[in-house]
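Here is what each chain is made of, one letter per residue.
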Amino acid sequence: MSDKSLIFSMFSKFLDNGGEDEQAEREVRPQTEDSKMAAGRDQRIETVEDWNDAERTRRERLERELTGENGSEETEYTAGTEAEADGLGVKDSGGSDYIGSENRVTDDGSAGRMSRSNLENGSAAESWKASGEEEYRDAGVELTVSDDRMAVSLMLIEPSGGGSDITREQIEQELEAHRITHGIDEEKVNAIAAEKLYRQMFLIARGTPAIDGNDGRIKDYFPREAKIKYASKGNGGIDFKSMNLIHNVQKGELVCELTMPTEPQDGMDVFGQPVRGKNGTMPPIPQGKNVVYSPERDKLLTACEGNLTFRSGRFQVENVFVVSGNVDNSIGNIDFTGSVTIHGDVFEGYTVKAKGDITVMGIVEGAVLQAGGSILLHKGMRGMKSGVLEAGVDITAKFLEDCTIYAQHNIQAEYIINSEVSCGNDLTLIGKRGAFIAGSCAVHNCMNVKTVGASSHVSTIVTLGVTPQLMEEVEKISVDLVAVSRKQAETAKDISYLNGKLKDGSITPRQKERLAKLKLEAPIHNLKEKRLKTQAADLARQLREVGKCRLTAAEVHPGTVINIGDCKMTIVKREESCSFYYLDGEIRKGIR
């Protein structure tokens, strides 16, 4: 028999039967990195070329033994020779690679005899060979343990020379002798012994594979890379100035969901020894500044509002958005929930919105800046008739030209030229020039400047005690108050009518439901009316306090118009070191 045909006959059935088992094991046990790297090769097939020289030598020796060639010579090889073969079989707990009932390494290290007749007579084999008779040999059992100690294969060697057939007890004794105790397929072993299936290799025992722990997972809810996403205009075009590079978040927003790794489940090999599973691994958790764990530690949440960014492998929330250069087509419009700091200029046509403060180190040119807090311009603004500054607190700048300005509190600058100004408290122009020239301003409290108007008699309008925003608020409250009063009167009329029907018993179920609803709405209308009346009274008080308003200037040029309360004064000649205020229903001039 050739090497190839013998090897094929020995392993063909094992390979056919083992394929499905190995596939099932791969489904139970998560794929490791090594198995992924070897995915291009079928691991169930081991070719002859994969065997090393020692294994090939052992197989050739086995073939000679099975065919009866050099039998007496093969019976004399020792355990040391057997131990040199390190091929497919793995050493069992006794130290041998090849386990067989007829050629097993004994506990004292010497090689076992190969046949029952040799046990009775050491020279029987030579005498049989000389006489040409077949060697007497009982049926034998060969066991092969897989490299990972998770599978045992069995092959029966047929008897010769009138030897006895295999028995179930003989197989069981062989398994016990080598301490193979776990995962034995008893039905298959019984069938093999009963049907006397010689010269075929069967998988008769399989260990319980360990189940590796599942790796942890992270599910992001925000992109890790900033990508430009242009906004659409109302006419269907693209707004190339709105690039949406800022991810505004509120406190408590979900950043990531975390799935923690699971614990492994240990298995057991065919010798009854535990097989340890691998622990699942967790990818690095991207927790950065102002990002916190949820109470269950299964989520990452924002700790404050601001711009969510991903840098250096971590999500972080920045409550100050910093632009290192200019606000131009590389940055686009800015709409941020925190504060904004711009180290360069803001170009014409761009918009910067912030719930916090806005600070600009450079020049602002024809842009729109809207801040919930204060606006600080280290240089100033050239509005180009389109620039707008709106601040919920203060506005501070070196100069302001050709723009629209509104601050709920104070405005401070060196000079303001040809602009529309509305100031909720005080307007102060200090510095070398300290001038307000051309345009108009409405200041609720005091205006303190060096110069108002210009020698060219350019029209300059100053209004004290009231601002356009204050007048708009007064008008809005008046309209709301009228609407609520009308609604309240209608509700009272409907309630009175439905109460009458309720008393005479003619009310329908639908009308009864309507009555209950109106009785709930009536107190709400009363509360709204009371609140609006309180706001209206407060605004009226502010309008009456014009006596506190004052314009103080080193010089006021002709062409300047001063409005305080319901009075108006036009300056016709140059006034110096003066102040203007409201008293007894008229505007009076005082000394600065």
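The rules behind the values
Residues numbered from 1 in each chain as written. Predicted model: local features only at pLDDT ≥ 70, side-chain atom pairs only at ≥ 80, totals over all residues. Heavy atoms only, no water. Helix = DSSP H or I, 4+ residues; strand = E, 2+ residues; numbered from the N terminus. Buried < 20%, exposed > 50% of the residue type's maximum accessible area, 1.4 Å probe, protein only. Contact = heavy atoms within 4.5 Å. Areas by Shrake-Rupley, 256 points an atom, 1.4 Å probe, with all protein chains shown as cover. Core = buried A, V, L, I, M, F, W, Y, C linked by side-chain atoms within 4.5 Å. Pairing = 2+ DSSP bridges. pLDDT = per-residue confidence, 0-100. Axes fitted to C-alpha atoms, helices over the stretch in contact; angles between N-to-C directions.

Section: the overall build of the protein chain
For the protein chain, the count of helices and strands is eleven helices and 36 strands. The proportion of buried residues among the 592 residues of the protein chain is 41%. Contacts in the protein chain between residues far apart in sequence, at least 24 positions, make up 44% of those at least 6 positions apart. Accessible surface computed for the protein chain: about 31,800 Å², of which carbon and sulfur atoms make up 50%.

What about the nonpolar core?
Leu-369, Leu-377, Ile-416 and Met-447 are the most contacted members of the largest nonpolar core, which totals 57 residues. Per element, the largest residue contribution to this core is six residues, and it comes from strand S24 (residues 395–407). With near-sequence residues (within four places) excluded, Leu-369 lies in contact with Val-346, Val-352, Ile-358, Val-360, Val-364, Ile-375, Leu-377, Val-388, Leu-389 and Glu-390. One finds Ala-139, Val-152, Leu-175 and Val-270 within the second-largest nonpolar core, a separate group that totals 20 residues.

Observations concerning the environment of Cys-423
Summarising the element assignment, Cys-423 is placed in strand S26 (residues 415–423). Overall, the relative accessible area of 0% leaves Cys-423 in the buried class. A C-alpha to C-alpha distance of 9.4 Å links Cys-423 and Pro-468, two positions 45 residues apart in sequence. Setting aside residues up to four positions removed in sequence, Cys-423 forms contacts with Ala-407, His-409, Asn-410, Ile-411, Ala-442, Val-443, His-444 and Thr-467.

Concerning the sheet that holds strand S8 (residues 248–249)
The three strands lie next to each other as S8-S14-S15, forming an open sheet whose pairing is antiparallel. For this open sheet the edge positions go to S8 and strand S15 (314–318), each flanked by a neighbour on one side alone. Note that strand S14 (residues 306–311) and S15 share five bridges and pair antiparallel. Pairing of Thr-309 across the sheet is with Gln-316, part of S15.

Observations regarding the confidence of the model for the protein chain
Chain-level statistics for the protein chain give a pLDDT mean of 79 and a share of 79% at 70 or above. Taken as a whole, residues 1–52 scores under 50 in pLDDT and shows 50 contacts with residues more than four places along the chain or in a different chain. For the stretch residues 70–130, pLDDT sits under 50, and the model shows 113 contacts to residues farther than four places along the chain or on other chains.

Observations concerning the sheet that holds strand S13 (residues 299–302)
Working definition: the strands of a sheet are paired by backbone hydrogen bonds and lie parallel or antiparallel to each other. Within the open sheet, the four strands sit side by side as S5-S9-S13-S12. Their pairing is antiparallel. Both edges of this open sheet fall to strand S5 (217–220) and strand S12 (291–293), since each of them pairs with a single strand only. Across this sheet, the average inter-strand angle for adjacent strands is 25 degrees, counted without regard to direction.

What to know about the environment of Val-141
Locating Val-141 in the fold gives a position in strand S2 (residues 140–145). By relative accessible area, Val-141 is classed as buried at 2%.

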